[in-house]
Amino acid sequence: EMIDRKFPVLFFFFSSRRRHTRYISVTGVQTCALPIYHECEQAQAEAATGEQFVRHWMHSAMVQMDGDKMAKSAGNLIFISELRKVHDPMAIRLALIANHYRARWEWSAELVDEAAAKLTSWRLSGSGSAALDEVREALDHDLDTPGAIAAIDRSVARGSGVSQAVALMGIR
């Protein structure tokens, strides 16, 4: 499962392990942690598995909360495990991917509520392949998740089913 219960929101961005593989296709880290994060993460994982850890590294922008950098040292981390107690994990995922990975953004509790409402409208739109090509194009263009989400929203507004496009975004 993509949402790890032990990691804070800021280290969640696009770390994903495919089923039935021992490697991670894409992992991300905020730019502030680059000097130590790659080497530490890679050393631990490769020592544990004896295999290549990651194929692609992504460097995400800072996540802020109340105008400050979200960081352990600031004591303002929001943990996925806590969010899961009250929110649909797919709404959490949608809230996190609503911003481009290289754009600095502000975390707030309202983001998950907004994502949950959006997710409900997507699910109610029914099955279908509307927006699928637009979502693929957006994701192929520097992983433009906001563009992909906008394409899905446009199709839902037209009354089209978007289940395949939503699934491509990793949302069930």
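You'll find the structure just up there.
For the protein, the count of helices and strands is 7 helices and 6 strands. Secondary structure elements of the protein, listed N to C terminal, follow the sequence β-β-α-β-β-β-α-α-β-α-α-α-α. Split into buried and exposed, the 172 residues of the protein put 42% on the buried side. In the form shown here, the protein has an accessible surface area of approximately 9,600 Å², with 52% of it arising from carbon and sulfur atoms.

A word on the environment of Glu-114. Secondary-structure assignment places Glu-114 in helix H4 (residues 110–124). Linking Glu-114 and Ile-92, residues 22 residues apart in sequence, is a C-alpha distance of 10.0 Å.

This part covers the environment of Ile-97. Within the secondary structure, Ile-97 is located in helix H3 (residues 89–97). As for Ile-97 and Met-169, which are separated by 72 residues in sequence, their C-alpha atoms are 9.0 Å apart.

Right, let's get into the packing of aromatic side chains. Here the structure, examined in full by the defined rule, presents 1 aromatic pair. Ring centres of Trp-105 and Trp-107 lie 6.3 Å apart, and the angle between their planes is 65 degrees; this geometry places the pair in the edge-to-face category. Here the two residues Trp-105 and Trp-107 agree in accessibility, since each one is buried. Note that Arg-102 overlies the ring of Tyr-101, its terminal NZ or CZ placed 5.7 Å from the centroid.

What follows is about H3. Of all 9 residues that make up H3, 8 are buried, and the element is covered over most of its length. Listed in full, the buried residues belonging to H3 are Met-90, Ala-91, Ile-92, Arg-93, Leu-94, Ala-95, Leu-96 and Ile-97. Those residues of H3 that are buried lie in contact with helix H2 (80–84), strand S6 (105–107), H4 and helix H6 (145–157). One side-chain oxygen at the N-terminal end of H3 lies 2.8 Å from the backbone nitrogen of Met-90; it belongs to Asp-88.

Along the chain, the position of Thr-145 falls in helix H6. A distance of 2.6 Å separates a polar side-chain atom of Thr-145 from the backbone oxygen of Ile-97.

As a further point, take the pattern of salt bridges. With the rule as written, the count across this model stands at 6 salt bridges. Two residues, Arg-102 and Asp-142, come together in a salt bridge whose shortest N-O distance is 2.1 Å. Here the residue Arg-102 occupies a position in the loop between H3 and S6, and Asp-142 occupies one in the loop between helix H5 (132–140) and H6, the gap between them amounting to 40 residues. For Lys-118, the salt bridge is made with Asp-153, and the minimal N-O distance between the two is 2.5 Å. Here the residue Lys-118 occupies a position in helix H4, and Asp-153 occupies one in helix H6, the gap between them amounting to 35 residues. With a relative accessible area of 25%, Lys-118 lands in the partly exposed category. Its relative accessible area of 25% is what places Asp-153 among the partly exposed residues.

Its 13 residues give H6 an end-to-end C-alpha distance of 18 Å, which sits within 8% of 18 Å, the value for a rise of 1.5 Å per residue. Among the residues of H6, Thr-145, Ala-148, Ile-149, Ala-151, Ile-152, Ser-155 and Val-156 are the ones counted as buried. Projected down its long axis, H6 carries its buried residues within an arc of 155 degrees, all on one side. On the buried face of H6, the contacting elements are H3, H4, H5 and helix H7 (163–168). With a side-chain oxygen positioned 2.9 Å from the backbone nitrogen of Gly-147, the residue opening H6 is Asp-144. Two residues or fewer after H6 comes Gly-159, characterised by a positive phi angle close to 85 degrees.

Calculation rules
Residues numbered from 1 in each chain as written. Predicted model: local features only at pLDDT ≥ 70, side-chain atom pairs only at ≥ 80, totals over all residues. Heavy atoms only, no water. Helix = DSSP H or I, 4+ residues; strand = E, 2+ residues; numbered from the N terminus. Buried < 20%, exposed > 50% of the residue type's maximum accessible area, 1.4 Å probe, protein only. Areas by Shrake-Rupley, 256 points an atom, 1.4 Å probe, with all protein chains shown as cover. Phe/Tyr/Trp six-rings, centres within 6.5 Å; stacked < 30°, edge-to-face > 60°. Lys NZ or Arg CZ within 6 Å of the ring centre and 35° of its normal. Contact = heavy atoms within 4.5 Å. Polar contact = N/O pair within 3.5 Å; in protein donor to acceptor, adjacent residues only side chain to side chain. Salt bridge = Lys/Arg side-chain N within 4 Å of Asp/Glu carboxyl O. Expected span 1.5 Å × (residues − 1). Arc of directions from axis to C-beta.

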